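Structure assessment
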Amino acid sequence: MNIAIGSDHAGFRLKNEIIKHIEEKGIEFKDYGTYNEDSCDYPDFAEKVASKVASKEFQFGILVCGTGVGIGIAANKVKGIRAVTCSDTFSAHASRQHNDANILCLGQRVIGIGLAFDIVDAFLSAEFEGGRHTLRINKITEIENKN
Ligand code: RB5
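Presented here is a report on the structure given in the accompanying data block. (Residues numbered from 1 in each chain as written. Predicted model: local features only at pLDDT ≥ 70, side-chain atom pairs only at ≥ 80, totals over all residues. Heavy atoms only, no water.)

**A word on the site of the ligand**
- Taken together, the residues surrounding the ligand are Asp-8, His-9, Ala-10, Tyr-42, Cys-65, Gly-66, Thr-67, Gly-70 and Arg-109.
- A distance of 2.9 Å separates an oxygen atom of the ligand from a polar atom in the backbone of Gly-70.
- Here an oxygen atom of the ligand sits 3.4 Å away from a polar atom, N or O, in the side chain of Arg-109.
- Split into classes, the residues belonging to the shell around the ligand amount to three nonpolar, four polar and two charged. (Near = heavy atom within 4 Å. Polar contact = N/O pair within 3.5 Å; in protein donor to acceptor, adjacent residues only side chain to side chain. Nonpolar A, V, L, I, M, F, W, Y, C, P; charged D, E, K, R; others polar.)

Next comes the structure, spelled out in structure tokens:
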């Protein structure tokens, strides 16, 4: 497994904590910035990470902004990306099992570090269940291709 990770200034501190967390687990990752708390624009980091996941250079992405919302909206504009903003562990593992989500988005201003780690673990340990869910994912791809 490998992970592309990124954030804006409002997600910078939580991103660094998550990096330590996944490093401890021995997971390969690359940090696409931002690298300090100077004000910046979340779509820039969403695109960097999402393009690496869409090209399959990285299996998953993790993105952090203030809410996890803007960076998730931006990531979902990249073809092939199914980014989910999660503030609970159930949605995190269900998004892998049912939606084959490939980017997890978190809000530094929304959740604490402990919950963020649990959400990351729930997301990374769950597997896509396929079956009826594959048909639905294919329908999402059809929407993407039509519009
Ligand atoms: C930055 O102030 C904030 O708007 C951004 O991090 C994010 O929460 C947007 O969705």
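**Some words on the packing of helix H4 (residues 89–97) against helix H5 (residues 113–125)**
- Close contact between H4 and H5 brings their axes to 8 Å; oriented N to C, the two are set at 20 degrees. Looking at the two axes, H4 sits roughly parallel to H5. Our pair here, H4 against H5, has a crossing hand that is right-handed. Contact residues: Thr-89, Ala-92, His-93, Ser-95 and Arg-96 in H4; Leu-115, Asp-118, Ile-119, Ala-122 and Phe-123 in H5.
- Residue classes in the contact of H4 with H5 are distributed as five nonpolar, three polar and two charged. (Axes fitted to C-alpha atoms, helices over the stretch in contact; angles between N-to-C directions. Helix = DSSP H or I, 4+ residues; strand = E, 2+ residues; numbered from the N terminus. Parallel < 35°, antiparallel > 145°, perpendicular 65-115°, else oblique. Left-handed = near helix turned anticlockwise from the far one by under 90°. Contact = heavy atoms within 4.5 Å.)

**Topic: the pattern of salt bridges**
- The final tally for this structure, using the stated rule, is seven salt bridges.
- Of the charged contacts in the structure, one is a salt bridge between Asp-121 and Lys-25, with a shortest N-O distance of 3.6 Å. With Asp-121 in helix H5 and Lys-25 in the loop between helix H1 (12–24) and strand E2 (28–31), this residue pair connects regions lying 96 residues apart in the sequence.
- Relative accessible area serves as the criterion here: at 44%, Lys-25 is assigned to the partly exposed category.
- Lys-52 serves as the salt-bridge partner of Glu-57, at 3.4 Å between the closest nitrogen and oxygen.
- Judged by relative accessible area, which is 42%, Glu-57 ranks as partly exposed.
- Under the relative-accessibility criterion, Lys-52 is labelled partly exposed at 25%.
- Shared partners join several salt bridges into a network, and the residues in it are Arg-82, Arg-96 and Asp-100. (Salt bridge = Lys/Arg side-chain N within 4 Å of Asp/Glu carboxyl O. Buried < 20%, exposed > 50% of the residue type's maximum accessible area, 1.4 Å probe, protein only.)

**Remarks on unusual backbone geometry**
- Note the cis peptide between Gly-33 and Thr-34, where omega equals 5 degrees.
- You will see that Lys-56, though not glycine, has its phi angle at about 70 degrees, which is positive.
- Positive phi outside glycine occurs at Asp-100, with the angle close to 50 degrees.

**Focus: H5**
- For H5, spanning 13 residues, the distance from its first C-alpha to its last is 18 Å, which sits close to the expected 18 Å at 1.5 Å a residue.
- Taken residue by residue, H5 has Ala-116, Phe-117, Ile-119, Val-120, Ala-122, Phe-123 and Leu-124 as its buried positions.
- The elements touched by buried residues of H5 are strand E1 (2–7), H1, strand E3 (60–65), strand E4 (83–85), H4 and strand E5 (103–107). (Expected span 1.5 Å × (residues − 1).)

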